Amino acid sequence: MDLNARQTIIVAILVLFLGRYLNKKLSVLNHFNIPEPVTGGVLISIVFAAIYTLFDITVQFSLLQRDALLIVFFTCVGLSAKFSTLKQGGTTLVILLVLAVIYLVIQNLTGIGIAVSTGLPSEVGVLGGSVSLSGGHGTAVVCTFITTFVLLVKIYTDNRGCLSVRFPL
């Protein structure tokens, strides 16, 4: 069963509301800070797994809007950050920040080193480094989309920086 973009969004909204309902009814979920989308998503995943197991029906969701929605999500997360909250962390937060930056650099250098040694562009190494290791799989998906576009522009540009007309079909 293939769901189009509209149907996928409707299912996602229903899963979110289901998770919200369950988190209100089961206080243990709130006690352990289980996000509403995770609650609904796990339950619906079990339901779809049962449908597949019992009836051999595979549900395919549309991924057309995924990248745009991930960019919106991460933008909203970034816009909600407050400097006053960071100041409350004090010295401990500064130490954590310094350590995190050091490990980000190590992750990127390792990723770039492996990518270059295997003949891949260095951008791919960054994707395999801190983007996916620290940012998570959602960040990696969005950055993969952007990096693919950048690599295509690099590949199909001449030495003067003029974009060539030969894009892959």
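Everything below is about the structure printed above this text.
Presented here is an overview of the structure given in this document. (Residues numbered from 1 in each chain as written. Predicted model: local features only at pLDDT ≥ 70, side-chain atom pairs only at ≥ 80, totals over all residues. Heavy atoms only, no water.)

**A closer look at the overall build of the protein**
Alright, step 1. In terms of regular secondary structure, the protein is built from seven helices and zero strands.
Alright, step 2. The buried share of the protein, reckoned over its 169 residues, is 17%.
Alright, step 3. Counting only contacts in the protein whose residues sit at least 6 apart along the sequence, the fraction spanning at least 24 positions is 43%.
Alright, step 4. When the accessible surface of the protein is summed, it comes to about 12600 Å², and 72% of that surface belongs to carbon and sulfur atoms. (Helix = DSSP H or I, 4+ residues; strand = E, 2+ residues; numbered from the N terminus. Buried < 20%, exposed > 50% of the residue type's maximum accessible area, 1.4 Å probe, protein only. Contact = heavy atoms within 4.5 Å. Areas by Shrake-Rupley, 256 points an atom, 1.4 Å probe, with all protein chains shown as cover.)

**Here we look at the side chain of Thr8**
Alright, step 1. Among the structural elements, Thr8 can be located in helix H1 (residues 5-25).
Alright, step 2. Relative accessible area serves as the criterion here: at 10%, Thr8 is assigned to the buried category.
Alright, step 3. From its side chain, Thr8 meets the backbone nitrogen of Ser62 in a polar contact 3.0 Å long.
Alright, step 4. Aside from chain neighbours lying at most four places away, what touches Thr8 is Leu3, Phe61, Ser62 and Gln65. (Polar contact = N/O pair within 3.5 Å; in protein donor to acceptor, adjacent residues only side chain to side chain.)

**Overview of a nonpolar patch on the surface**
Alright, step 1. Judged by side-chain polarity, Leu26, Val28, Phe32, Ile34, Val38, Val42 and Ile46 come together as a nonpolar surface patch covering roughly 620 Å² of accessible area.
Alright, step 2. For the nonpolar patch, the leading source of residues is helix H3 (residues 36-55), giving three residues. (Patch = residues over 30% accessible without salt bridge, like charges linked within 9 Å, V, L, I, M, F, W, Y side chains within 5 Å. Salt bridge = Lys/Arg side-chain N within 4 Å of Asp/Glu carboxyl O.)

**Regarding the pattern of salt bridges**
Alright, step 1. As enumerated under the stated definition, the model contains one salt bridge in all.
Alright, step 2. The salt bridge partner of Glu36 is Arg20, with a shortest N-O separation of 3.2 Å. Of the two residues, Glu36 is situated in helix H3 and Arg20 in helix H1; the sequence distance between them amounts to 16 residues.

**A few points about the packing of H1 against H3**
Alright, step 1. Here H1 crosses H3 at 110°, and the two axes come no closer than 7 Å. Classified by the interaxial angle, the pair formed by H1 and H3 is roughly perpendicular. Between H1 and H3, the residues in contact are Val15, Leu16, Leu18, Gly19, Arg20, Leu22 and Asn23 and Glu36, Pro37, Thr39, Gly40, Gly41, Leu43 and Ile44, respectively. (Axes fitted to C-alpha atoms, helices over the stretch in contact; angles between N-to-C directions. Parallel < 35°, antiparallel > 145°, perpendicular 65-115°, else oblique.)

**Remarks on unusual backbone geometry**
Alright, step 1. Residue Asn33 is not a glycine yet carries a positive backbone phi of 55°.
Alright, step 2. By the element assignment, Asn33 lies in the loop between helix H2 (27-31) and H3.
Alright, step 3. Judged by relative accessible area, which is 66%, Asn33 ranks as exposed.
Alright, step 4. A positive phi angle is found at Asp56, which is not glycine, with a value near 55°.
Alright, step 5. Along the chain, the position of Asp56 falls in the loop between H3 and helix H4 (66-79).
Alright, step 6. Asp56 gets classed as exposed once you look at its relative accessible area, which sits at 60%.

**Observations regarding helix H5 (residues 83-117)**
Alright, step 1. Taking 1.5 Å of rise per residue, the 35 residues of H5 would be expected to cover 51 Å, yet its terminal C-alpha atoms sit only 40 Å apart, more than 12% below that figure.
Alright, step 2. In the structure, H5 departs most strongly from a straight axis at Gly90, where the bend amounts to approximately 100°.
Alright, step 3. Residues Asn108, Gly111 and Ala115 constitute the buried set of H5.
Alright, step 4. If you follow the buried residues of H5, they end up packed against helix H6 (122-133). (Expected span 1.5 Å × (residues − 1). Bend = angle between axes of the 7 residues up to and from the residue.)

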